[in-house]
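Residues per chain, in single letters:
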Amino acid sequence: LSLMKQCQAFLVGRRMISEGSQFFSDNPHSQAAIYIVTWIMDLCDLIKLNGTPVLEERSTYTHAQKMQAAPTFGFGKIHSLGMQAWHQSEVSGKMLGNPSSLIFIKSSDAEGG
């Protein structure tokens, strides 16, 4: 649960979600998958979110995988959204499924390989 709290704090700190809102819920934000990727990239990618190269040491590929697993668990198990792929309903237009289920972490993204 600590990585879920770190993700929540990151999103609030970047003003991607408001201070009082709960990112992890049974009704995720429509951009939840993008927010998760942004959080992981901010700590693990070799290029900063602004496009400049990172000079300091980054978190490892293994840590990036754990960061991805935390929201998968949070949305899937705690909020009962399961592992269905994140998608937009053709009927209602609402986003359905687990927003973390479409995220794939490549070792080259996290470790420059």
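Everything discussed here concerns the structure shown above.
So, a few notes on the structure that sits alongside this text. Keep in mind that what you see is a predicted model, and the values were worked out from it rather than measured.

### A closer look at the overall build of the chain
So, step 1. If you tally the helices and strands in the chain, you get four helices and two strands.
So, step 2. Ordered by position from the N terminus, the helices and strands of the chain form the series α-α-α-β-β-α.
So, step 3. Scaling as 2.2 N^0.38, a compact globule of 113 residues should have a C-alpha radius of gyration of about 13 Å, and the chain matches this with 14 Å.
So, step 4. Within the chain, the proportion of its 113 residues that are buried is 38%.

### Points about the side chain of Gln8
So, step 1. Mapping Gln8 onto the fold places it in helix 1 (residues 2-13).
So, step 2. A distance of 2.9 Å separates a polar atom in the side chain of Gln8 from the backbone nitrogen of Phe23.
So, step 3. With sequence-adjacent residues up to four places away left out, Gln8 is seen in contact with Ile17, Ser21, Gln22, Phe23 and Phe24.

### Notes on the nonpolar core
Across soluble globular proteins, nonpolar side chains show a tendency to be buried alongside one another.
So, step 1. Counting 22 residues, the largest nonpolar core has Leu11, Phe23, Trp39 and Ile40 as its most contacted members.
So, step 2. The element contributing the most residues to this core is helix 2 (residues 32-44), with seven residues.

### Brief notes about helix 1
So, step 1. In a regular helix each residue adds 1.5 Å, so 12 residues correspond to 16 Å; helix 1 covers 16 Å between its end C-alpha atoms and thus fits that length.
So, step 2. Within helix 1 the residues assigned to the buried category are Leu3, Met4, Cys7, Gln8, Phe10, Leu11 and Val12.
So, step 3. Where helix 1 is buried, its residues touch helix 2 and helix 3 (61-78).

### Some points on the environment of Gly76
So, step 1. By the element assignment, Gly76 lies in helix 3.
So, step 2. Judged by relative accessible area, Gly76 falls into the buried class, the value being 12%.
So, step 3. The sequence separation of Gly76 and Ile17 amounts to 59 residues, and the corresponding C-alpha distance is 20 Å.
So, step 4. When near neighbours in sequence (up to four residues on either side) are disregarded, Gly76 contacts Pro71, Leu81, Gly82 and Asn98.

### Digging into a nonpolar patch on the surface
So, step 1. On the surface, Leu1, Phe73 and Ile78 cluster together to form a nonpolar patch covering roughly 320 Å² of accessible area.
So, step 2. Its place among the elements puts Phe73 in helix 3.

### A closer look at the packing of aromatic side chains
So, step 1. Summed over all chains, the structure comprises four aromatic pairs.
So, step 2. With 5.5 Å between their ring centres and 75° between their planes, Phe23 and Phe75 make a pair best called edge-to-face. Pair noted here: Phe23 is in the loop between helix 1 and helix 2 and Phe75 is in helix 3, with a separation of 52 residues, a long-range link. As far as the burial class goes, Phe23 and Phe75 line up, both buried.
So, step 3. Members of the aromatic cluster, each reached through a chain of ring pairs, are Phe23, Phe24, Tyr35 and Phe75.

Reading guide: rules and limits
Residues numbered from 1 in each chain as written. Predicted model: local features only at pLDDT ≥ 70, side-chain atom pairs only at ≥ 80, totals over all residues. Heavy atoms only, no water. Helix = DSSP H or I, 4+ residues; strand = E, 2+ residues; numbered from the N terminus. Rg over C-alpha atoms; globule rule 2.2 N^0.38 Å. Buried < 20%, exposed > 50% of the residue type's maximum accessible area, 1.4 Å probe, protein only. Polar contact = N/O pair within 3.5 Å; in protein donor to acceptor, adjacent residues only side chain to side chain. Contact = heavy atoms within 4.5 Å. Core = buried A, V, L, I, M, F, W, Y, C linked by side-chain atoms within 4.5 Å. Expected span 1.5 Å × (residues − 1). Patch = residues over 30% accessible without salt bridge, like charges linked within 9 Å, V, L, I, M, F, W, Y side chains within 5 Å. Areas by Shrake-Rupley, 256 points an atom, 1.4 Å probe, with all protein chains shown as cover. Salt bridge = Lys/Arg side-chain N within 4 Å of Asp/Glu carboxyl O. Phe/Tyr/Trp six-rings, centres within 6.5 Å; stacked < 30°, edge-to-face > 60°.

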